[in-house]
Amino acid sequence: MDKAQIYVGLDIGTTAIRVIVGESINEHLNIIGVGSEQSQGLKDGVIVDIDKVVAATRKAVHQAQAKANVKFDQVVVGVPAKEMLIEPVKGMAIVADQPKEITDQEVRNVASAALSRNLPPEREIVAITPQQFIVDGQAHIVDPRGMSAVRIEMEALVYSVPTLVVNNIRKVLERTGLRLKHFVLNSLALSTVALNDGEQDFGTILMDMGGAQSTAYVIHDHQLKFIVEDDEGGDNLTKDVSVVLNTSMTSAEKIKRNYGVANPRSTSDSEKFPVEIVGQDDPVLVDETYLSEILEARFEQIFDRLAAKLEQVHAFDLPGGVVITGGVAETMSLNSLAAELLDAKVRIYTPKEMGLRNSSFATVLGLITYAAGLSEIELLVTSVINHNALSATASQPAVQKESESAQTSDSRFSTFGFGNRSNQTPSQQNQAKSPTTAAKKPKQSEPKNKFRNFFNKFFD
């Protein structure tokens, strides 16, 4: 039996910080621990107050350790798409004067040669994905190790982000007592779990709709080809509800989650709910259709801006259509509204794993799924950027006092499962290696129309 390997993902989001622990045994990944804590200290996906982020990260880490009963110090960290640049690179290295067997060292040498380029001081390379190796002129080599050659070349894609972004993440890890295993692009993490093999191959638009921004990725040939960002997301929807209905932001957030429907054509004006109006003692009844029209207006703006840039690269010609995920994807009837506005087939991706059945967990689940699926040659090339990429993290029992202190705040994960929303189309992804958890499925004794958003209070 293969030795168990632990993978820990850390997603530092604007609305929540999430930690997930996966145990890989015989190439099967099981989810054994989850932690989630409301974010503080971030704005538009960027860390602006390290102290607050550190405090929230510690709580999420303790929750995950208590649930998994595993103590860890290495994490796979997601990198947001904000201001990311994708560039092709090529490197060449001499193996020897006469044909000699290519070893790990030669692969590292050619990867280093590909990275020997001048970057502005304000940018840093966070990931590199090899496209092919060329051995003595022979192209399309996936893994050149063991071959005999005089010269080796490598073509790859490198991804760079502002140095400030990664430096702040490293400071958070250092102060939380964690070590970076490697960075994983959120786009590649999401595509790993949200798209099936055909969708990644033939091409799909993957939209990640979070609290602070909405991002569209074009995935084709299993590669990230194009990125579009829009600085509006779930927080803007909440502000719209607050302003139009003259209610507090806290109340607006609850209203959005409990009664919000994206598509007014899916609502009824006879369905009403109470709204606490600022300056009034008694609540006012508002109908479901009116609230939906408020949300629709903002969704229309977001989708229109994203679509305008996606059309420039003919992304809608790809056969995979549009897949939407992220916390905002939990909004009722969003798939039908998006299909109307984008004139494309649309589906919503929600993780199927017990305890993770909310689209806001898609990124953190994708981080460890992507990391666990990296090949030896991909890890070897990545190790040129981060030496910890090749190190293994074995299981260790968690410290008892940490488990006890975190158990109370995280007990909801052992009690509740988070089911798919009734409006969402089930994912058609092939999941031969779908991660599973040991959480029990909750009993659903209450009608869906009354409690469809009850569990969302735990998530963004």
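Structure shown above.
For every chain, the first residue of its written sequence is number 1, and the numbers climb from 1 along that sequence. Residue-level local features of this predicted model are given only where pLDDT is at least 70; pairs of side-chain atoms are given and counted only at 80 or more, and the full residue set underlies all totals for whole chains, interfaces and linings. Calculation of side-chain values draws on the structure's entire complement of heavy atoms; hydrogens and water are dropped beforehand.

**Some words on the pairing of strand β10 (residues 138-141)**
Link 1 in the chain: At least two bridges found by DSSP between two strands is the condition for calling them paired. Runs of E in the DSSP output that reach at least two residues are strands. Runs of H or I that reach at least four are helices, and both are numbered from the N terminus. For strand β9 (residues 123-135) and β10, the ladder comprises 2 bridges, and the chain directions are antiparallel. Paired with Phe133 across the two strands is Ile141, which belongs to β10.

**Regarding the pattern of salt bridges**
Link 1 in the chain: One speaks of a salt bridge when a side-chain nitrogen belonging to Lys or Arg is within 4 Å of a carboxyl oxygen belonging to Asp or Glu. With the rule as written, the count across this model stands at 18 salt bridges.
Link 2 in the chain: Here Glu124 and Arg170 are joined by a salt bridge, their closest N and O atoms 2.7 Å apart. Of this pair, Glu124 sits in strand β9 while Arg170 sits in helix α3 (residues 163-176), and the two are 46 residues apart along the sequence.
Link 3 in the chain: As a salt-bridge pair, Lys256 and Glu253 come within 3.4 Å of each other at their nearest N and O atoms. Of the two residues, Lys256 and Glu253 are both situated in helix α7 (residues 249-259); the distance of 3 residues between them amounts to about one turn of the helix.
Link 4 in the chain: Here the residues in one salt-bridge network are Asp230, Glu232, Asp240, Arg298 and Arg305, joined through shared partners.

**Regarding the packing of helix α6 (residues 234-245) against α7**
Link 1 in the chain: Between the N-to-C directions of two axes lies an angle of 0 to 180 degrees, each axis being a line fitted to C-alpha atoms and, for a helix, fitted only over the stretch in contact. For the pair α6 and α7, interaxial distance at closest approach is 8 Å and the crossing angle is 110°. Taken together, the axes of α6 and α7 are roughly perpendicular relative to one another. The element α6 and its partner α7 pack so that their crossing is right-handed. For the pair α6 and α7, the contacting residues are Gly234, Leu237, Thr238, Lys239, Val241 and Ser242 in the first and Met249, Ala252, Glu253, Ile255 and Lys256 in the second.
Link 2 in the chain: Under the convention adopted here, Pro, Cys and the residues Ala, Val, Leu, Ile, Met, Phe, Trp and Tyr are nonpolar, Asp, Glu, Lys and Arg are charged, and Gly plus all remaining residues are polar. Counted by class, the contact of α6 with α7 contains 5 nonpolar, 3 polar and 3 charged residues. Convention used here: angles under 35 degrees read as roughly parallel, angles over 145 as roughly antiparallel, angles from 65 to 115 as roughly perpendicular, and any remaining angle as oblique. The hand of a helix crossing depends on one turn: near helix anticlockwise from the far one by less than a right angle means left-handed, and clockwise means right-handed. Contact criterion: two residues are considered in contact whenever any of their non-hydrogen atoms come within 4.5 Å of each other.

**A few points about the pairing of strand β14 (residues 204-209)**
Link 1 in the chain: The cut-offs for exposure are 20% and 50% of the maximum accessible area for each residue type, with area from a 1.4 Å probe on protein chains only; residues under the lower value are buried, those over the upper are exposed, and the others partly exposed. Of all the 6 residues making up β14, 6 are buried; the element is thus mostly covered by neighbouring parts of the structure.
Link 2 in the chain: Because side chains alternate across β14, one face comprises the buried residues Thr204, Leu206 and Asp208, and the other comprises Ile205, Met207 and Met209, equally buried.
Link 3 in the chain: Sheet topology places β14 next to strand β15 (residues 214-220); 6 bridges connect them, and they run antiparallel. Across the sheet, residue Ile205 finds its bridge partner in β15, namely Val218.
Link 4 in the chain: Counting the residues in the hairpin turn of β14 and β15 gives 4 residues.
Link 5 in the chain: Direction of pairing for β14 relative to strand β19 (residues 322-325): parallel, over a ladder of 4 bridges. The residue of β19 that forms the bridge with Ile205 is Val322.

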